[in-house]
Amino acid sequence: MKLTTKKLLFVLGVLVIVLAVTQLTKREGRSKSLKSELVSIDTAKVSKIEIITGEENLTLSMEEEWKVSLPDGSQKTAKESSVISLLRSLNTIKPGRMAAKSQDKWKDYSVDSTGTRVKVFEKNKISTDIVIGRFGVEGQQSFYTFVRLFEDDEVYVANDFMGMSIGKDAASYRENEILRLQKDSLISISFNYPDSAFKLTKGEEWYLQDQQADSAAVADYLNELSFVSSREFYDQSSEINPTHTVIYEFSSQQEIKLEVQYTEENTILKSSENPNELFADNSLGEKLLKGRGEFLTKGK
């Protein structure tokens, strides 16, 4: 039986309609399915990051170097490694499964106003806008965090992402290093106090003036100072009036100078390693400033 031209055109028209309906159904189904990607950040293009938690709004901005905003509106130099670590952590967010599809479940997973909203700008345009919610653990080694793209209703489980690791305050991103000692090249330590001054010098052994120092005591002191940092920033002033100083001299690098001011409430420190920051940390005063007798063998 031969098909007429009219019948062929009719069959072709039906096939076109069936194909169109099939494609439309696929697109609608795909829009409601699990997203394959939530975050994709080009770290080299990021110009600003906003972290919003409740009423708090923290801003990190690139201005030749990374800057972090303080509550009073001023800015401090941010630690680049901390900012890069934040971006890399966000890039690890992958959708594991969909936990909810509607707004009435947001509160259950803390992806409503109680969550942490992170906005990432690339060349001053928002590239990522995500809400980080409740953290959870499965078993002994598996963990996850509930997340939601800010403009979407759906809540996802991001496996192996630790949302609580996202720093929410300025201190998380400020340059917090005070001292990093290269013990092998250290040749002397000078302590200058209002009532005394003494110097440790390294030869074959450590000496305190003309006396041999207690090698174990010196070693214990130096081991404590291989890396010293603090998040107890002091922002009430930009300068101090030091009453105590400690100077570390090296054979292969510039000296490091610590300045300390004691007040009734705080021990305020400034380091030449990080001259743009002051710290108010009483525990560091006890660690860094030692008396002469602490380096002598008992009985001497």
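A brief look at the structure comes next. (Residues numbered from 1 in each chain as written. Predicted model: local features only at pLDDT ≥ 70, side-chain atom pairs only at ≥ 80, totals over all residues. Heavy atoms only, no water.)

## Remarks on the sheet that holds strand β12 (residues 196-202)
Hydrogen bonds between backbone atoms are what pair the strands of a sheet, whose relative direction is either parallel or antiparallel.
Part 1: The strand order across the open sheet built from 8 strands is β14-β13-β12-β11-β16-β17-β18-β19, with neighbouring strands paired in antiparallel fashion. Across the chains shown, the open sheet's two edge strands, defined by having one partner strand only, are β14 (211-212) and β19 (279-280).
Part 2: Note: strand β16 (residues 244-250) against strand β17 (residues 256-262), 5 bridges, orientation antiparallel. Looking at the pairing, T245 lines up with E259 of β17. (Pairing = 2+ DSSP bridges. Helix = DSSP H or I, 4+ residues; strand = E, 2+ residues; numbered from the N terminus.)

## Here's the deal with the pattern of salt bridges
Part 1: Under the definition given, this model contains 14 salt bridges.
Part 2: Between R180 and E177 there is a salt bridge, with the nearest N and O atoms lying 3.1 Å from each other.
Part 3: The class for R180 is partly exposed, based on a relative accessible area of 38%.
Part 4: A salt bridge links K287 to E224; the nearest nitrogen and oxygen atoms lie 3.9 Å apart. One end of the pair, K287, is in helix α4 (residues 282-288); the other, E224, is in the loop between α3 (215-223) and β15 (228-229), with 63 residues separating them in the sequence.
Part 5: Exposure remark for K287: the relative accessible area of 27% places this residue in the partly exposed category.
Part 6: Of the residues examined, E224 reaches a relative accessible area of 44% and is grouped as partly exposed.
Part 7: Counted as one network, the salt bridges with shared partners bring together K48, E50 and K119. (Salt bridge = Lys/Arg side-chain N within 4 Å of Asp/Glu carboxyl O. Buried < 20%, exposed > 50% of the residue type's maximum accessible area, 1.4 Å probe, protein only.)

## Quick word on the sheet that holds strand β4 (residues 75-77)
Part 1: The strand order across the open sheet built from 9 strands is β4-β3-β2-β1-β6-β7-β8-β9-β5, with neighbouring strands paired in antiparallel fashion. If you trace the sheet from one side to the other, it starts and ends with β4 and β5 (95-100), each paired once. Looking at each pair of strands side by side, their axes are set apart by 25° on average, direction ignored.
Part 2: Bridge analysis of strand β1 (residues 46-53) against strand β6 (residues 116-122) gives 7 bridges, and the strand direction is antiparallel. The partner of I52 across the bridge, within β6, is R117. (Axes fitted to C-alpha atoms, helices over the stretch in contact; angles between N-to-C directions.)

## Notes on the side chain of N274
Part 1: Tracing the backbone through its elements, the reader meets N274 in the loop between β18 (267-271) and β19.
Part 2: Taking relative accessible area as the criterion, N274 reaches 6% and is therefore assigned buried.
Part 3: For N274, the residues in contact, after removing those within four places along its chain, are E175, N176, E177 and F279. (Contact = heavy atoms within 4.5 Å.)

## Observations concerning the nonpolar core
Part 1: In terms of nonpolar packing, the biggest core is built from 32 residues, with L179, I189, F191, L200, Y221, Y248 and L288 touching the most fellow members.
Part 2: Among the elements that line this core, the one with the most residues is strand β11 (residues 186-193), at 4 residues.
Part 3: L90, Y156, A158 and F161 belong to the second largest nonpolar core, which has 29 residues in total. (Core = buried A, V, L, I, M, F, W, Y, C linked by side-chain atoms within 4.5 Å.)

## Looking at the layout of surface pockets
Part 1: Quantified by volume, the largest pocket comes out at close to 250 Å³.
Part 2: Listed by contribution, the elements that provide at least two residues to the lining of the largest pocket are β1 and β2 (56-63).
Part 3: Residues that form the lining of the largest pocket fall into these classes: 6 nonpolar, 3 polar and 3 charged. (1 Å grid on protein atoms, 1.4 Å probe; cavity = no way out; pocket = protein on both sides within 12 Å on 5 of 7 lines; lining within 4 Å. Points joined across faces, edges and corners; volume = space filled by probe spheres on them. Nonpolar A, V, L, I, M, F, W, Y, C, P; charged D, E, K, R; others polar.)

## Comments concerning α3
Part 1: Considered for burial, the residues of α3 that qualify are A217, V218, Y221 and L222. Burial along α3 is one-sided: seen end-on, the buried residues are contained in an arc of 130°.
Part 2: Check the buried side of α3 and you find it contacts β11, β12, β13 (206-208), β16 and α4.
Part 3: Of the residues that open α3, the one with a side-chain oxygen 3.0 Å from the backbone nitrogen of A216 is D214. (Arc of directions from axis to C-beta. Polar contact = N/O pair within 3.5 Å; in protein donor to acceptor, adjacent residues only side chain to side chain.)

## Quick notes on the packing of aromatic side chains
Part 1: Considering all chains together, one arrives at 11 aromatic pairs under this definition.
Part 2: Centre to centre, the rings of F135 and F143 are 6.1 Å apart; their planes meet at 40°, and the pair counts as tilted.
Part 3: Between Y193 and F198 the ring centres are 6.1 Å apart and the planes differ by 85°, which places this aromatic pair in the edge-to-face class.
Part 4: With a relative accessible area of 15%, Y193 lands in the buried category.
Part 5: On the accessibility criterion, F198 (5% relative accessible area) is buried.
Part 6: Among the aromatic side chains, those forming a connected cluster through ring pairs are F191, Y193, F198, Y221 and F295.
Part 7: The aromatic ring of F150 is capped on one face by R117, whose charged end is 3.4 Å from the ring centroid. (Phe/Tyr/Trp six-rings, centres within 6.5 Å; stacked < 30°, edge-to-face > 60°. Lys NZ or Arg CZ within 6 Å of the ring centre and 35° of its normal.)

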